[in-house]
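# Inside the fold
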Amino acid sequence: MDVLGIQGSPRKKGNCDHLLTTFLGECERAGAKTQVIRPQDLDIRPCKELTVCEKKGICPIRDQMEEMGYAKVRQADVVVLASPVFFYGISAQAKVFIDRCQMFWGRRYKLRLKDPARFSRQGFLLSVGASAGKRLFDGVNLTAHYFFDAISAQDAGALTYKGIEAAGDILARPRLEREIREAVSGLLGPLKSCEKILFVSRNGAVRAVMAAAFAMEISGGKIRAKAAGMEGPAEADPGMIKTMADAGLDVKYMAVHRIKDIAGVWPGRTIFIGSAAGFERAAPFLPEETMFWEIAGPEAWESKALSALKGKIEARVTALLGRS
C-alpha cells in the first residue's frame, strides 16, 4: 500500500506537520509505504487557466508538477492532504498544488477517461485551525472533497482540530493517537483485504499495464493490480496509453515496477504475459506458482496492432475474473 502525504503547511515542525507525521507513522505500522510532498519546497507554479488540460489532458506548464505531483498522486492508494486553516480556507501552498490538479479534472470530465484505480483510491484530510468558529473547516472540507474527486479518490473523511495555534498545541489532544489509529484502520483495512495480482511482461510498459488496468476496471476495485517488467522500471508506452484511452481508460501515470523489486513484497497471484521463451528467461525471478499467458507482442507497436493486443488481453482478464 502506498500512502502519499501532501504537507500544505509552510511551517516546519508545527502542529500540521506533527499531525501528518503521526498519521503516516501509523500507516507505516499498518504495513504501508509512505512519502511526503511539500509543495513549498518544489518548483510548482500556479495554474494559468490555459485550458489545455481540458482539450488535450495535459498541463503545458513545465515544472516539477509532472514528476513530483501528477505521477505520485496517481500511483498512491491513499492521498492525505494536510493543511492549516488560513482565512477559512486551505494554505496557499496546498492551493497551488490542488489547482494544478485541474489537469486530472480535464482528463476525467472533459476527455471522459476513467482511472482504473478510482474504485479503491482514498483521500483523507488533516487540518488544524486557531479559532473555534462553527464553520471553521467548511472551506477546507469543500476544497478537499473536490480535490479528491478530481484525482479519482473516494473522500474517506477528515480529522480536524480547533483551537490549535501555538506550536505543540496538537500534542495536548488526549484522543489524538486513538483517532488516528481508527482513521488509518478504516482507510487501509479494505486495501489489505483486496485480492492482489501482479502482471509481468518483458519491460512491463505495454502488456502488463493493459492487464493491470483491465483487472482493476472489470473487477470494480475488488482487485488491486500492478504492472512489472523484467527490464525496468520503465514508463508506460505512449502508443499503449493512447490505445487504452481510446477504450476510455486512463493509464498515463500507472507505475511500471521492476520484477526483482516487487515480486517478494506484492502478495497474491503473479501472471507472466509473453512468449514461452520469455517466460523461461524470467522464471528465476518469478514465484513458482506464476501463471503464464502466451500473448506475444506484435512485431510493430503501431495503432492497429496495439488495438488487437488490447482485445486479446481484455478477453483473458475477463475470463480470469469469470465475467462475461
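As shown above, the structure is provided for reference.
If you're wondering where the values come from, they're calculated on a predicted model, not measured in any experiment.

Moving on, we get to the sheet that holds strand S4 (residues 122–128). Across the sheet, 5 strands lie side by side as S2-S1-S3-S4-S5; this open sheet has parallel pairing. Each edge of the open sheet carries a strand with a single partner, namely strand S2 (33–37) and strand S5 (154–161). Across this sheet, the average inter-strand angle for adjacent strands is 20 degrees, counted without regard to direction. Examined bridge by bridge, strand S3 (residues 78–84) and S4 share 7 bridges and lie parallel to one another. For Pro84, the partnering residue across the bridge sits in S4 and is Val128. In the packing of helix H6 (residues 138–150) onto the sheet, the strands contacted are strand S1 (2–7), S3, S4 and S5, and the crossing angle to S4 comes to about 160 degrees. Sheet contacts for helix H7 (residues 176–193): S1, S3, S4 and S5; angle to S5, the most-contacted strand, approximately 175 degrees.

A few words on helix H8 (residues 207–219). The terminal C-alpha atoms of H8 lie 18 Å apart, and with 13 residues this matches the ideal 18 Å at 1.5 Å per residue to within 8%. Counting buried positions along H8 yields 13 of 13 residues, so the element is predominantly enclosed. Of the residues one or two after H8, Gly220 is the one with positive phi, at around 65 degrees.

Attention now moves to unusual backbone geometry. Backbone geometry at Glu49 places phi at a positive 50 degrees, although glycine is not the residue there. In this fold, Glu49 is placed in the loop between S2 and helix H2 (52–56). Judged by relative accessible area, which is 67%, Glu49 ranks as exposed. For Tyr88, which is not a glycine, the phi torsion comes out positive at approximately 65 degrees. Of note, Tyr88 is situated in the loop between S3 and helix H4 (92–100).

The N-to-C vectors of helix H9 (residues 238–246) and helix H12 (residues 303–320) enclose an angle of 60 degrees; their axes lie 10 Å apart at closest approach. One element, H9, and the other, H12, form an angle in the oblique class. For H9 against H12, the interelement crossing comes out right-handed. When H9 is examined against H12, the residues Gly239, Met240, Thr243 and Met244 are found in contact with a partner set consisting of Leu306, Ser307 and Lys310. Residue composition of the contact of H9 with H12, grouped by class: 3 nonpolar, 3 polar and 1 charged.

Where burial is concerned, most of S3 is hidden: 7 out of the 7 residues are buried. In S3, alternate side chains face the same way, and those of Val78, Val80, Ala82 and Pro84 on one face and Val79, Leu81 and Ser83 on the other are all buried. With 5 bridges joining them, S1 and S3 adopt parallel strand pairing. Across the sheet, the residue bridging to Ile6 is Leu81, located in S3.

This part covers the pairing of S2. Summarising the sheet, S1 and S2 pair through 5 bridges and their orientation is parallel. Bridged to Val3 within S2 is Thr34. For the crossover from S1 across helix H1 (residues 15–29) to S2, the handedness is right-handed.

The next subject is the nonpolar core. In terms of nonpolar packing, the biggest core is built from 35 residues, with Phe199, Met240, Met244, Val251, Ile313 and Val317 touching the most fellow members. Going through the elements one at a time, strand S6 (195–201), H8, strand S7 (223–229), H9, strand S9 (269–274) and H12 are the ones with two or more residues in this core. The element that contributes the greatest number of residues to this core is H8, accounting for 10 residues. For Met240, the residues in contact, after removing those within four places along its chain, are Ala205, Val206, Val209, Met210, Val251 and Leu306. Ile6, Leu81, Cys101 and Ala144 belong to the second largest nonpolar core, which has 33 residues in total.

Quick notes on the rules
Residues numbered from 1 in each chain as written. Predicted model: local features only at pLDDT ≥ 70, side-chain atom pairs only at ≥ 80, totals over all residues. Heavy atoms only, no water. Pairing = 2+ DSSP bridges. Helix = DSSP H or I, 4+ residues; strand = E, 2+ residues; numbered from the N terminus. Axes fitted to C-alpha atoms, helices over the stretch in contact; angles between N-to-C directions. Contact = heavy atoms within 4.5 Å. Expected span 1.5 Å × (residues − 1). Buried < 20%, exposed > 50% of the residue type's maximum accessible area, 1.4 Å probe, protein only. Parallel < 35°, antiparallel > 145°, perpendicular 65-115°, else oblique. Left-handed = near helix turned anticlockwise from the far one by under 90°. Nonpolar A, V, L, I, M, F, W, Y, C, P; charged D, E, K, R; others polar. Right-handed = clockwise from strand over helix to strand, strands pointing away. Core = buried A, V, L, I, M, F, W, Y, C linked by side-chain atoms within 4.5 Å.

All quantities given are derived from atomic positions and should not be read as evidence of function.
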